[in-house]
Amino acid sequence: MDTGFYKAYKKYDNASRAIFENIRPRDVARAISSRRLSTKDLVALLSTDAEPHLEEMARKARDITLRNFGKAVQLYTPLYVSNYCSNECVYCGFNSSGDVERKTLSLDEVREEAEFIASTGLKHVLLLTGGCRVEASVSYLKDCVKVLKEYFSSVSIEIYALEEDEYTALIDEGVDGLTIYQETYDEEVYGKVHLSGRKRDFRFRLDAPERAGIRGMRTINLGVLLGLAHWRRDVFMLALHAEYMQDKFPSAEISVSVPRIKPNAEGFAPKYAVTDANVVQMVLALRLFLPRLGVTLSTREDADFRENMLPLGITRMSAGSTTAVGGHTAADSNAAQFEISDKRDVREIMDMLSSKGYQPVLKDWVG
Amino acid sequence: MEDVLKIGGKEIKSRFFVGTGKFPDKAVVRDVLEASAAEVVTVAVRRVDPDSSDENILDHIPERCVLMTNTSGARDAAEAVRIARLAKAAGCGDWIKIEVINDNKYLLPDNKETIKAIEILAEEGFTVLPYMNPDLVDARRMVDAGAAAVMPLGSPIGSNRGFRTEEIVRIMVDEIKVPVIVDAGIGAPSEAARCMEIGADAVLVNTALSAAADPVKMAEAFSKAVEAGRSAYLAGIPERIEEASASSPLTGFLR
């Protein structure tokens, strides 16, 4: 049975190709001047017809962001505890068929990483694993969270999709945020880039944010990996998914990420090019469509681009990032999941934000 | 007689309260507070890090100010109570603005959960100032539960849409015995003046300052507007006459 977001997804999946073709320039003008945007307005802002209007959209997006979030950007850093993986995702450096050195941190090593990160002043950490439920089991993750909660106000997870009870188990240990990317909302492409493993189950992943929401997760970050499929349709679905989550869980903070695929050891090349202007356009469209939506910008993007994106709607950034297991403290860094573009440490990112007139927020929860 | 606002045993001269969440730089908060002579300042507990060796927002709040921590981020009464207790334990005093928000789209407060939190915190000795959706009946419940003041919104937080809830707030001002402080949505000094003209006891502003090109100058402007509005209220604004006096008096037959 089609339930949850999949029902809305199905309604638009077939139609989404056609609706982009039906956009006229006047639809863009109307969308920009609307107070509350309809789904059709969203399509208009994501269409090629909106491309000449980026400056106008940017001005509006900046005002909306300023009113809703102020001149403050929340910072966090990723902490990879395991890169074992049972999924075969063709774009990922931790792909199960890949020949990378595998490692799962001991709890002492997790503590070392936590101590280092905490020494930078950050109070928000994102705990990451590969897709292996045996090596990085829920009970292992519970133990990791116990350690991390000694150091951080907020612990989010970016791991394989869980069952409802498993989300509760982690929330009970103190997890307050979930990041889970659908990668692509194109079900056909999804099947082609996820060759084997539990992640192949499109629906199970699609419904994961809702399962976490039902169990009271405070912040939920959705995302697409740009380059796998047509970005306009992917971002359209991402926006609808975020809207669905906002409507269903009004007390949760919903945010999105729109990272572009970066080269990794596998040498995967994205099928679809996504330009800087495209990323700008989607962030503006997301901001205008959902004024209260959080938008996270990772270190996959380079320093210049991240700085220029700041006023357009960004509310959260990573800093001092590493995508290698134990990468914060290990002297000889093992395999990275993907390449980091913005390599600046937490202090440098804080100084950059201050110089741009933004307050770096290191702590934003009392967990 | 000096016109002072009394809340929780404290006497407050400035009726312009300042929020701190959206400023680009914590140091700006100090300049804003200096320029406006504001005495009550609200800070989100979720943003305070007592362990931090870095500059802390609390370091920028002048001695003369009353710190009113807020429970931003709380989704129900239990979370608000937990945050309030943390604030007290961290030495942030006992003034707490209760903010319980269950709606992340509009950030509209949950009066019902707020009332529950007031009951618990007032009992524990906090000076409780609830942020609320303007409503007379709920405001009475809040006072009964122990609120030291009530803080109805002017329009949604961050909207800068102004004093849209005037009719209801006016009734609250007439009926509620504790101070009524208009919090949220006030976008311009003229709107703050309007709140004060109808008898609100104070106005709290954040976004209108932080989003201004010159927050310090804007804070000064707000401070003056709040003072002007208060003076007008005290002076007694004559009721608006809707039409010219009738030329033949309606009670002329009595002569």
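For the structure, see preceding data.
Position labels on residues start from 1 in each chain and follow its written sequence. In the order they appear in the text, chains get letters beginning with A and ligands get numbers beginning with 1. Owing to the predicted nature of the model, reporting of local features is limited to residues with pLDDT of at least 70; listing and counting of side-chain atom pairs is limited to 80 or more, with chain, interface and lining totals taken over all residues. Based on all heavy atoms of the structure, the side-chain values leave hydrogens and waters out of the count.

Caption draft 1: Local environment of the interface of chain A and chain B. A contact between two residues is defined here by any heavy atoms of the two lying within 4.5 Å. Taken together, the contacts link 32 residues of chain A with 32 residues of chain B. A 1.4 Å probe defines the accessible area here, and the buried area is the portion of it lost by two parts on being joined, summed over both. Interface of chain A and chain B: buried area, both sides summed, is about 2,700 Å²; carbon and sulfur atoms make up 42% of it. Of all the secondary-structure elements, those providing two or more residues to the side of chain A that touches chain B are helix H5 (54-69), helix H12 (231-248), helix H15 (346-355) and strand E9 (359-361) of chain A. For the side of chain A that touches chain B, the element with the highest residue contribution is H5 of chain A, accounting for four residues. Classes in brief: Ala, Val, Leu, Ile, Met, Phe, Trp, Tyr, Cys and Pro nonpolar; Asp, Glu, Lys and Arg charged; the others, Gly included, polar. Here the side of chain A that touches chain B is composed, by residue class, of 12 nonpolar, nine polar and 11 charged. Only runs of H or I of at least four residues qualify as helices and only runs of E of at least two qualify as strands under DSSP, and these elements are numbered from the N terminus.

Caption draft 2: A look at the sheet that holds strand E3 (residues 16-19) of chain B. Residue and element names in this part refer to chain B. Following DSSP output, two strands are said to pair if at least two bridges run between them. If you walk across this open sheet you meet the eight strands as E8-E7-E6-E5-E4-E3-E10-E9, and the pairing is parallel. Looking at strand neighbours, the two that pair on one side only are strand E8 (151-152) and strand E9 (181-183), the edges of this open sheet. Across two bridges, the pairing between strand E7 (residues 127-132) and E8 is parallel. Looking at E8, one finds that Tyr-131 is bridged to Met-151. Against the sheet, helix H8 (residues 215-235) makes contact with E3 and strand E10 (202-205), and its axis sits at roughly 150 degrees relative to E3, the strand it touches most. Orientation is described by axes fitted as lines to C-alpha atoms, over the contacting stretch for helices, and by angles from 0 to 180 degrees between their N-to-C directions.

Caption draft 3: Structural view of unusual backbone geometry. We note that Ala-37 of chain B has phi near 60 degrees; this positive angle belongs to a residue other than glycine. The class for Ala-37 of chain B is partly exposed, based on a relative accessible area of 40%. Only protein chains enter the accessibility calculation, which uses a 1.4 Å probe; a residue whose area is less than 20% of its type maximum is buried, one above 50% is exposed, and one in between is partly exposed.

Caption draft 4: Main features of the packing of helix H6 (residues 107-119) of chain A against helix H7 (residues 138-149) of chain A. All names here are of chain A. Packing of H6 against H7 brings their axes to within 9 Å, and their N-to-C directions diverge by 35 degrees. In the crossing of H6 with H7, the sense of the turn from one axis to the other is right-handed. Of H7, the residues touching H6 (which contributes Leu-107, Val-110, Arg-111 and Ala-114) are Tyr-140, Asp-143, Cys-144, Val-147 and Leu-148. Classifying every residue of the contact of H6 with H7 by side-chain character gives seven nonpolar, no polar and two charged. Here a crossing is called left-handed whenever its near helix is offset anticlockwise from the far helix by less than a right angle, and right-handed whenever the offset is clockwise.

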